[in-house]
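Spelled out, the chains give:
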Amino acid sequence: MDLGYYGYLAQTIPPREIVRALAVRARRALLRGKPFFFEVPGRRRSVAPAQPRPAVVAGASPTATAAAEILREAQAALRGELRLFGQLKSCGVPIDHHRDPLVPAVRYDPSVPGERVDQFQRGADAKVMWELGRLPQLWRFGQAFRLTGDPSWARAWEETVRQFRAANAKGMGVQWACAMEVSLRAMTVALTYGLVQQAVDPGFLLEFLEEHCAYVAGHLEETGAIRTNHYAADLAGLVVVGALFSELQCWYQVFARRLWEEIPRQCRADGTHFESSTGYQRLCAEMFLAAVLAARAADRAVPQRVEQAVRGLFRSLASMLKPSGEMPQIGDLDSCRALPLAPRSALDASFLSDPGAPEWAWMPAARSFLAEPRRESTLLPEAGVAVLRCGDGFLCLSAGPNGQGGTGGHAHNDKNSVELSFGSFDVFADRGTYVYARDPQERNARRGTAGHSTVQVDGLEQNRIVPGRLFALPDTARARIGRLEQRDGFEIASGEHRGYQRAGVVHRRIAALGSGRAAFIDELRGHGEHVFQARWYVPHEDVVEREATAEERERLGALRKAGFAFGYDPRRCVAVAGRVLLAFGATLPWNLRVSRTDVSPGYAEKKAARCVQIEAAGPAPARLFTAVLFLRTG
């Protein structure tokens, strides 16, 4: 038992939340084995409906290109090729919902109750199975039916649901091991049914959804002292199903109030989500949007504070988008979506601020929640994120709290880490998540300090990684963004954290972005002898060491005169893909090293990359200087 970790939780989590969690556990133990609604009189059983359902997702007129892409993906799904984590993967025909399509040697036993499935068995990754179990092909089958009118697509939709139910008995196997996944599967079925309802008999469907809702209600993920995106997802699925199916409206009546309370609780004042993860913020934005639109479709009132919170999630994430439309990776990215209305790569979030995106042809009511793309620098103070923009330059500096109220969750040791782009050319990128439980060592390496473009002192972690806990990260670094300003043609932000205070060092990074250039000053304030390592993850393989040219030396000199360095060494520079030059300096002697590595632009994805590392040893206080020159070619 890690007493230090539990001591931290006792000091961090409000006592009322601990009491609440204990009460939930006690109530669940008392009611174990009883149906969730056993005490509710007059509950209506599922019967065949007399009226058409309200629809959140509606047939529209997407562009010819978008429609063709949908039909291609629907055809691929018939062959067992499904889009998982933004990538098409072969999953077999018929699909085996117990075998890992990425590692076929891994298979889960469907006779084991979901509550007893080992989600962390060696070499396995339940996350992959759950993505398969969300039935993403239902979106494409339903859309194909609305585009073509061909009833075979509606039959494919119905057969998919029937086949899943036949192969996955209620409560058994990995597909019932996580209430969040059961809820999101029910949400997918309920939403996509609106596309095929005129051609599908809903009798069996009501029983399918009833089973899912009852299971989720009996396994709500609220027993922890911190309620996470899992609990919100549990509620969102219940609300969507209860809103769209009148026979199942009891689920809405019981759980809508809880969801309307939970959404504002999980959203910060600056619009960001409390998981401290851009990937999970996108997922929650889509989940919460689905719940709000489903309630509206059923003529149910939604509190204004809830709609404001959902708009805030869209607005804040849109303010972080790169010129390419991709979002920066802050914290975990598992590439999952609640509303995969159009095929996209894992990081493509351009639709969040584009009312003309193909997604909104299918869900036009969502357009009122979209935000205008930001063209100026932005500070998100609660998240500890500064986004600098200058011309086609983009720089994101992350120096915020860990997720879930400081307990960790999906946050990383990424304090004072940056991503930098010029137009569509990425200079520095986050190393990414890659996998969770399948490889705990890889998981910790990527969420650790050395896996980010920041400075590490004496090999220490900014926040302690708790052994055996893949989602625990006690927040002791106390990171924050200090300021955001404009000066002499530069957009400037500074971040600071105290993750190395136990070694006597405080790290402050000043980041500046100008036209075709960027500069970083790393101040290591404190005392004592230390080893300082500044790492820069470059998502390219064409990375070479060379001297600066005369013109480049002149540009570096201009940065020095602007106050961003005491000086750079023009003999030891690094060129990236012939497009960017990196130059370095320090108040201590330093060494340069370029090593092979990789970055993960999506869950279960790897891309070859390079890590440029500057190492300096000596006394604090010390300063490290880095310059980036964009080399205009052609």
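Above: the structure in question.
Residues numbered from 1 in each chain as written. Predicted model: local features only at pLDDT ≥ 70, side-chain atom pairs only at ≥ 80, totals over all residues. Heavy atoms only, no water.

A.B. asks: For this particular structure, what's the right way to read the overall build of the chain?
C.D. replies: A count of helical and extended segments in the chain gives 16 helices and 19 strands. A compact globule built from 634 residues would reach a C-alpha radius of gyration of about 26 Å, and the chain, at 25 Å, matches this within 12%. In terms of overall dimensions, the chain has a C-alpha envelope of 80 × 55 × 50 Å along the principal axes. In the chain, which comprises 634 residues, the proportion classed as buried is 60%. In the chain, of all internal contacts separated by at least 6 residues, the share reaching a separation of at least 24 is 71%. Taken as a whole, the chain presents about 23700 Å² of accessible surface, with 50% of it coming from carbon and sulfur. One way to put it: in the chain the 80 positive side-chain charges average out to a point 2 Å from where the 69 negative ones average out. (Helix = DSSP H or I, 4+ residues; strand = E, 2+ residues; numbered from the N terminus. Rg over C-alpha atoms; globule rule 2.2 N^0.38 Å. Buried < 20%, exposed > 50% of the residue type's maximum accessible area, 1.4 Å probe, protein only. Contact = heavy atoms within 4.5 Å. Areas by Shrake-Rupley, 256 points an atom, 1.4 Å probe, with all protein chains shown as cover. Lys, Arg positive; Asp, Glu negative; His and termini not counted. Charge placed at Lys NZ, Arg CZ, Asp CG, Glu CD.)

A.B. asks: It is not clear to me how unusual backbone geometry should be interpreted in this structure. Could you clarify?
C.D. replies: Comment: phi is negative for the bulk of residues other than glycine, and the bulk of peptide bonds are trans. Residue valine 93 is joined to proline 94 through a cis peptide bond whose omega torsion reads -10 degrees. Assignment of secondary structure puts proline 94 in the loop between β2 (87-90) and α4 (126-133). Proline 621 follows alanine 620 through a cis peptide bond whose omega is 5 degrees. One can find proline 621 in the loop between β18 (607-619) and β19 (622-630). Unusually for a residue other than glycine, leucine 135 sits at a positive phi of about 60 degrees. Here leucine 135 lies in the loop between α4 and α5 (137-148).

A.B. asks: Is there a simple way to explain empty space enclosed by the protein in this structure?
C.D. replies: Gaps left between atoms show up when a probe the size of a water molecule is rolled over them. On inspection of all chains with the given rule, the structure shows 4 cavities of 30 Å³ or more. Estimates place the volume of the largest cavity at around 310 Å³. Contributing to the lining of the largest cavity are 27 residues, with Arg83, Glu131, Pro136, Arg337 and Pro340 lying nearest its centre. Sorting the residues of the lining of the largest cavity by element identifies α3 (64-78), β1 (81-84), α5 and α7 (179-196) as the ones contributing at least two each. Of the residues belonging to the lining of the largest cavity, the class tally is 13 nonpolar, 5 polar and 9 charged. Taken as a whole, the second largest cavity encloses approximately 140 Å³ of empty space. Around the second largest cavity sit 20 residues that line it, and Ser276, Ser277, Ile330, Ala383 and Val385 are the ones nearest its centre. Classifying every residue of the lining of the second largest cavity gives 6 nonpolar, 11 polar and 3 charged. (1 Å grid on protein atoms, 1.4 Å probe; cavity = no way out; pocket = protein on both sides within 12 Å on 5 of 7 lines; lining within 4 Å. Points joined across faces, edges and corners; volume = space filled by probe spheres on them. Nonpolar A, V, L, I, M, F, W, Y, C, P; charged D, E, K, R; others polar.)

A.B. asks: What exactly am I supposed to notice about the layout of surface pockets here?
C.D. replies: Empty space within the second largest pocket amounts to approximately 280 Å³. Every residue lining the second largest pocket is counted, 14 residues in all, and those nearest its centre are Lys322, Pro323, Arg374, Arg375 and Arg389. A breakdown of the residues in the lining of the second largest pocket according to their chemical character gives 5 nonpolar, 4 polar and 5 charged.

A.B. asks: Whenever I open this one, the nonpolar core confuses me. Can you help?
C.D. replies: Nonpolar side chains tend to gather and get buried jointly when the protein is soluble and globular. In terms of nonpolar packing, the biggest core is built from 128 residues, with Trp157, Leu191, Trp260, Leu289 and Met363 touching the most fellow members. Here this core gets 13 residues from one element, more than from any other, and that element is helix α11 (residues 278-297). Contacts of methionine 363, omitting those with residues within four sequence positions, involve Val56, Val57, Leu289, Leu293, Leu339 and Leu341. (Core = buried A, V, L, I, M, F, W, Y, C linked by side-chain atoms within 4.5 Å.)

A.B. asks: Where do I start with the pairing of strand β6 (residues 417-422) in this structure?
C.D. replies: Looking down a regular strand, the side chains alternate between one sheet face and the other. With respect to burial, β6 is a largely interior element, 6 of its 6 residues being buried. Every second residue of β6 is oriented toward a common face, with Ser417, Glu419 and Ser421 on one face and Val418, Leu420 and Phe422 on the other, all of them buried. With 6 bridges joining them, strand β5 (residues 393-398) and β6 adopt antiparallel strand pairing. By the bridge assignment, phenylalanine 394 is partnered in β6 with serine 421. Relative to strand β7 (residues 425-428), β6 runs antiparallel, the two sharing 3 bridges. By the bridge assignment, leucine 420 is partnered in β7 with phenylalanine 428. Where β6 folds back onto β7 in an antiparallel hairpin, the turn is made up of 2 residues, including glycine 423, whose phi is positive at roughly 65 degrees. (Pairing = 2+ DSSP bridges.)

A.B. asks: Help me understand the packing of helix α6 (residues 151-167) against helix α8 (residues 203-218), please; the structure alone is not making it clear to me.
C.D. replies: Packed helices, taken two at a time, are described by their axes: the angle between them and the distance between them. Running from amino to carboxyl end, α6 crosses α8 at an angle of 45 degrees, the nearest separation of the two axes being 11 Å. Taken together, α6 and α8 sit at an angle that is classed as oblique. As for the relative orientation of α6 and α8, their crossing is left-handed in sense. Together, Trp157, Glu158, Val161, Arg162, Phe164 and Arg165 of α6 and Phe204, Leu205, Glu207, Phe208, Glu211 and His212 of α8 make up the contact between the two elements. (Axes fitted to C-alpha atoms, helices over the stretch in contact; angles between N-to-C directions. Parallel < 35°, antiparallel > 145°, perpendicular 65-115°, else oblique. Left-handed = near helix turned anticlockwise from the far one by under 90°.)

A.B. asks: Sorry if this is basic, but what is going on with helix α12 (residues 304-318) here?
C.D. replies: The periodicity of an α-helix, 3.6 residues per turn, causes residues three or four positions apart to be oriented the same way. Over its 15 residues, α12 runs 21 Å from end to end, which matches the ideal 21 Å to within 8%, given 1.5 Å per residue. For α12, the set of buried residues is Val306, Glu307, Ala309, Val310, Gly312, Leu313, Phe314, Ser316, Leu317 and Ala318. (Expected span 1.5 Å × (residues − 1).)

A.B. asks: Looking at this model, I keep getting lost on the sheet that holds strand β10 (residues 490-497). Mind explaining?
C.D. replies: Sheet strands pair by backbone hydrogen bonding; their relative direction is either parallel or antiparallel. Strand order in the open sheet formed by 8 strands is β9-β10-β11-β12-β19-β16-β15-β14, and the pairing between neighbours is antiparallel. Both outer strands of the open sheet, β9 (480-487) and β14 (543-546), are each paired with one neighbouring strand and no more. Averaged over all pairs of adjacent strands, the angle between their axes in this sheet comes to 20 degrees, without regard to strand direction. Across 4 bridges, β14 lies against strand β15 (residues 573-576) in antiparallel orientation. Counterpart to valine 543 in the pairing with β15 is valine 576. Lying over the sheet, helix α16 (residues 550-564) contacts β9, β10, β11 (505-514), β12 (517-526), β14, β16 (580-586) and β19, oriented at roughly 135 degrees with respect to β19.

A.B. asks: Looking at this structure, how should I read the pattern of salt bridges?
C.D. replies: Pairing between side chains of opposite charge can happen when their charged atoms approach one another. What the rule picks out here adds up to 41 salt bridges. As a salt-bridge pair, aspartate 96 and arginine 99 come within 3.8 Å of each other at their nearest N and O atoms. Exposure remark for aspartate 96: the relative accessible area of 22% places this residue in the partly exposed category. The shortest N-O distance in the salt bridge between glutamate 261 and arginine 257 comes to 3.0 Å. Residue glutamate 261 and its partner arginine 257 are both found in helix α10 (residues 249-266); the two are separated by 4 residues, about one turn of the helix. Each member of the salt-bridge network shares a partner with another, and the members are Arg431, Glu442, Arg446, Asp598 and Lys606. (Salt bridge = Lys/Arg side-chain N within 4 Å of Asp/Glu carboxyl O.)

A.B. asks: Even after reading the chapter, I still don't get the environment of threonine 454, so can you show me in this structure?
C.D. replies: Relative to the helices and strands, threonine 454 is located in the loop between α15 (440-447) and β8 (455-457). On a C-alpha basis, the gap between threonine 454 and arginine 572 in space is 20 Å, while along the polypeptide they are 118 residues apart.

A.B. asks: Can you walk me through the packing of aromatic side chains in this structure?
C.D. replies: Any pair of aromatic rings gets described here by the distance separating the centres and the angle formed by the planes. Applying the stated criterion across every chain, the model contains 18 aromatic pairs. Their ring planes at 65 degrees and their centres at 5.2 Å tell us that tyrosine 436 and tyrosine 603 sit as a pair that is edge-to-face. Taken together, the positions of tyrosine 436 in the loop between β7 and α15 and tyrosine 603 in the loop between β17 (590-599) and β18 put the pair 167 residues apart, joining distant regions of the chain. We classify tyrosine 603 as buried; its relative accessible area is 0%. Plain terms: the ring middles of phenylalanine 490 and phenylalanine 564 are 4.8 Å apart, the flat faces sit at 65 degrees to each other, and that makes the pair edge-to-face. (Phe/Tyr/Trp six-rings, centres within 6.5 Å; stacked < 30°, edge-to-face > 60°.)

A.B. asks: Would you take a moment to explain the sheet that holds β8 for this structure?
C.D. replies: The 4 strands are arranged β8-β13-β18-β17 in an open sheet whose pairing can be described as antiparallel. Pairing within the sheet leaves two strands with one partner each, and these edge strands are β8 and β17. Each strand axis lies, on average, 25 degrees off the axis of its neighbour in the sheet, ignoring direction. With 3 bridges connecting them, β8 and strand β13 (residues 529-538) associate as antiparallel partners. By the bridge assignment, valine 457 is partnered in β13 with phenylalanine 532.

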